[in-house]
Amino acid sequence: MATGTAMSRKDVFTPAKHLAFKDMPNVHTMKELGFSETAGVSPIAVSEPFRLFTEEAVMRMRQEVLSPEVFENCQYSSNLAQCYLRGFANKYAPFVYDVWKNPETLAIVSKIAGIDIVPEMDLEIAHINISVKSEEEKKEELEAAAERANYEADEGIAGCPWEDDKPIVGWHTDSYPFVCVTMLSDCIDMIGGETALRTGNGDIMKVRGPQMGCAVVLQGRYIEHQALRTLGTTERITMVTSFRPRDPLQKDDTVLTTVRPISNINDLYNQFAEYRLQILEERIRLQLREIRDLSAAGRRVTTKKLKSFIGEQENFLAHMNREMVDDDDVIVGNIQQDHITPESSSKPRKRRKLV
Ligand SMILES: [Fe+2]
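Residues numbered from 1 in each chain as written. Predicted model: local features only at pLDDT ≥ 70, side-chain atom pairs only at ≥ 80, totals over all residues. Heavy atoms only, no water.

1. Focus: the overall build of the chain
Move 1: The number of helices and strands found in the chain is 10 helices and 15 strands.
Move 2: Looking at the 355 residues of the chain, the share that counts as buried comes to 48%.
Move 3: Of all intrachain contacts in the chain linking residues separated by at least 6 positions in sequence, the fraction that spans at least 24 positions is 82%.
Move 4: Carbon together with sulfur atoms contributes 51% to the accessible area of the chain, which is approximately 18500 Å² in total. (Helix = DSSP H or I, 4+ residues; strand = E, 2+ residues; numbered from the N terminus. Buried < 20%, exposed > 50% of the residue type's maximum accessible area, 1.4 Å probe, protein only. Contact = heavy atoms within 4.5 Å. Areas by Shrake-Rupley, 256 points an atom, 1.4 Å probe, with all protein chains shown as cover.)

Written out as structure tokens, the structure reads:
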């Protein structure tokens, strides 16, 4: 269990009480989206929304996440969004921490992701996006949307809403292999909020946004996507937990581009270095065992194989070193645009007109 805020017994995360997962959701494969099955770390690209938590669990998580300590100590903003809460779980949110470390939760997200995954690092349990609008703003937006819907119906152009779907963040890929996005707000009346995905041939596919207590799993490192704007809610709070493969022999393409400027840099680099060095340790241990076992039997590992192993690990370390940009060169709050697809090349193709 996490350290930090003391929990009474009834508050402890209990899978039987707090997890509400029942049936496997529909998933879309990489192949279905026009990508090679080996483009990412799993053949699964994205899931449809699925119920993951009970209402009690959502309320408990909200209570921890929206606490004064978290707002005071873990709030970040950037050129892309006004309010994130990050890096709070192992200090102020023991319930949230336990949710994402629990083997039963991990078994569910792994099953949906099509690969055994673990949280990327503790710092990514869990990233919170908050957007809040006043009742007045919500009303105005809904009226404008209704007016536009009437106009579009009159003009016979309903069903082609792409040009007006303004995204929250533009087209991008994530820093981490997988994300699980959980909705912590009641968004029963919400319009929009879908995730748009760009398929291998440049078409756009939309996946519904989750309702409260529900989640979506996405292989976000390998699929360009954007979250579309929402209307009809005053509050939208999503919890984004990032994951990487558990197997140290899997590739780890993790970058830090989108998180470096909105993190405690020492925590981020320490945790990044720790898990990557652990992967390296495992790989070296396995290679060493092979050398020793073969040697004991009077045989040898081929030069070609050894050199290939060394080359791979050199690249692994070089990648790590590149991602750990010197502290002085990190501009706080400024998420570099190189991870975000430039607008000129990312304009979604117009949808085919429906007849
Ligand atoms: Fe994303």
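Read on for the rest.
2. Quick look at empty space enclosed by the protein
Move 1: Under the criterion given, the structure shown has 1 cavity of 30 Å³ or more.
Move 2: Size it by volume and the largest cavity reaches roughly 30 Å³.
Move 3: The wall of the largest cavity is formed by Arg 244, Pro 245, Asp 247, Gln 250, Lys 251, Asp 252, Tyr 275 and Ile 279.
Move 4: Among the secondary structure elements, those contributing two or more residues to the lining of the largest cavity are strand 15 (235-245) and helix 8 (265-296). (1 Å grid on protein atoms, 1.4 Å probe; cavity = no way out; pocket = protein on both sides within 12 Å on 5 of 7 lines; lining within 4 Å. Points joined across faces, edges and corners; volume = space filled by probe spheres on them.)

3. Looking at the coordination of the iron ion
Move 1: At this site the iron ion is bound by His 172 (NE2), Asp 174 (OD) and His 225 (NE2), with donor distances of 2.1 to 2.2 Å.
Move 2: All donors to the iron ion come from one chain, and their sequence spacing reads H-x1-D-x50-H. Of this pair, His 172 sits in the loop between helix 7 (135-155) and strand 8 (178-183) while His 225 sits in strand 13 (residues 225-227), placing them 53 residues apart in sequence. The exposure classification of His 172 matches that of His 225, with both residues buried. (Donors = N, O, S within 2.8 Å, 3.2 Å for Na, K, Ca; no water.)

4. Description of the layout of surface pockets
Move 1: Of the pockets and cavities examined, the second largest pocket occupies roughly 410 Å³.
Move 2: Lining the second largest pocket are 19 residues; nearest its centre among them are Val 118, Pro 119, Arg 244, Tyr 275 and Gln 278.
Move 3: Looking at the lining of the second largest pocket, the elements that each hand over two or more residues are helix 5 (94-101), strand 6 (117-119), strand 15 and helix 8.
Move 4: Residues of the lining of the second largest pocket, tallied by class, amount to 9 nonpolar, 2 polar and 8 charged. (Nonpolar A, V, L, I, M, F, W, Y, C, P; charged D, E, K, R; others polar.)

5. A closer look at the packing of aromatic side chains
Move 1: Summed over all chains, the structure comprises 5 aromatic pairs.
Move 2: On the numbers, 5.8 Å between centres and 85° between planes, the contact of Phe 53 with Trp 100 is edge-to-face. You can see Phe 53 sitting in the loop between strand 3 (50-51) and helix 2 (55-65) and its partner Trp 100 sitting in helix 5, a full 47 residues away along the chain. The exposure classification of Phe 53 matches that of Trp 100, with both residues buried.
Move 3: When the ring of Phe 272 is compared with that of Tyr 275, the centres are 5.9 Å apart and the planes differ by 80°; the resulting orientation is edge-to-face. One end of the pair is Phe 272 and the other is Tyr 275, both in helix 8 and 3 residues apart, which spans about a single turn.
Move 4: Look at Tyr 275 and you get buried, because its relative accessible area is 5%.
Move 5: Residue placement shows Arg 198 over the ring face of Trp 171; its charged tip is 4.4 Å from the ring centre. (Phe/Tyr/Trp six-rings, centres within 6.5 Å; stacked < 30°, edge-to-face > 60°. Lys NZ or Arg CZ within 6 Å of the ring centre and 35° of its normal.)

6. A few points about a negative patch on the surface
Move 1: A cluster of acidic residues, Glu 136, Glu 137, Glu 140, Glu 143 and Glu 147, forms a negative patch at the surface.
Move 2: Along the chain, Glu 147 falls in helix 7. (Patch = residues over 30% accessible without salt bridge, like charges linked within 9 Å, V, L, I, M, F, W, Y side chains within 5 Å. Salt bridge = Lys/Arg side-chain N within 4 Å of Asp/Glu carboxyl O. Lys, Arg positive; Asp, Glu negative; His and termini not counted. Charge placed at Lys NZ, Arg CZ, Asp CG, Glu CD.)

7. Side note on the packing of helix 8 against helix 9 (residues 303-323)
Move 1: Axis separation between helix 8 and helix 9 bottoms out at 11 Å; the angle between their running directions is 175°. Taken as axis vectors, helix 8 and helix 9 run roughly antiparallel relative to one another. Contact residues: Tyr 269, Phe 272, Ala 273, Arg 276, Leu 277, Ile 279, Leu 280, Arg 283, Ile 284, Gln 287, Glu 290 and Ile 291 in helix 8; Lys 305, Leu 306, Phe 309, Gln 313, Phe 316, Leu 317, His 319, Met 320 and Glu 323 in helix 9.
Move 2: Across the contact of helix 8 with helix 9, the residue classes break down as 13 nonpolar, 3 polar and 5 charged. (Axes fitted to C-alpha atoms, helices over the stretch in contact; angles between N-to-C directions. Parallel < 35°, antiparallel > 145°, perpendicular 65-115°, else oblique.)

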